[in-house]
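# Report on the structure
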Amino acid sequence: MEVEGLSSLLAHNHYEETCVICESLKPKGIHLYTSFICTDCENDLIHTDTNDPRYKYFLKQLRKITTPEIFS
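Being a predicted model, the structure only gives us computed values, none of them experimental. (Residues numbered from 1 in each chain as written. Predicted model: local features only at pLDDT ≥ 70, side-chain atom pairs only at ≥ 80, totals over all residues. Heavy atoms only, no water.)

## Thoughts on the overall build of the protein chain
Looking only at helices and strands, the protein chain has three helices and four strands in total. Along the protein chain, helices (α) and strands (β) appear in the sequence α-β-β-β-β-α-α when read from the amino end. Counting every position in the protein chain, which comprises 72 residues, the buried fraction comes to 17%. Sequence separation of 24 or more characterises 29% of the internal contacts of the protein chain that already satisfy a separation of 6 or more. As presented, the protein chain carries roughly 6000 Å² of accessible surface, and 57% of it is formed by carbon and sulfur atoms. (Helix = DSSP H or I, 4+ residues; strand = E, 2+ residues; numbered from the N terminus. Buried < 20%, exposed > 50% of the residue type's maximum accessible area, 1.4 Å probe, protein only. Contact = heavy atoms within 4.5 Å. Areas by Shrake-Rupley, 256 points an atom, 1.4 Å probe, with all protein chains shown as cover.)

## Re the packing of aromatic side chains
In this structure the tally under the stated criterion is one aromatic pair. Seen in terms of ring centroids, Tyr57 and Phe58 are 6.2 Å apart; in terms of plane orientation they differ by 55°. Their pairing is tilted. (Phe/Tyr/Trp six-rings, centres within 6.5 Å; stacked < 30°, edge-to-face > 60°.)

## Some thoughts on the environment of Lys64
Turning to its location among the elements, Lys64 is positioned in the segment after α3 (53-62). Taking the C-alpha atoms as reference, Lys64 lies 8.6 Å from Ser35; in sequence the two are 29 residues apart. Discounting residues that sit within four places of it in the chain, Lys64 has contacts with Val20 and Glu23.

## What to know about the side chain of Gln61
Note that Gln61 resides in helix α3. The class of Gln61 is buried, set by a relative accessible area of 4%. A distance of 3.0 Å separates a polar side-chain atom of Gln61 from the backbone oxygen of Ile21. Setting aside anything within four residues of it in sequence, one finds Gln61 in contact with Val20, Ile21 and Glu23. (Polar contact = N/O pair within 3.5 Å; in protein donor to acceptor, adjacent residues only side chain to side chain.)

## Examining the pairing of strand β3 (residues 29-32)
Of the pairings in the sheet, the one linking β3 to strand β4 (residues 35-38) comprises four bridges and is antiparallel in character. For Leu32, the partnering residue across the bridge sits in β4 and is Ser35. Where β3 folds back on β4, the antiparallel hairpin that results is connected by two residues, among which Tyr33 adopts a positive phi of roughly 55°. (Pairing = 2+ DSSP bridges.)

Pasting the structure below:
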């Protein structure tokens, strides 16, 4: 019964994260390692031609993403 209460609580909370590309708070997107990319930026990135000036901006912003280190 507690799970039902928790899931309904989470459904009503609008959790937002900061997108690594546009740096805005957005509710939906994907996680890449420890970073968040909103669906708007993801779609823009996918549909932007590589010779478009915005593509270089996307690459610059994506360089902020670092792979998490695994410690043994």
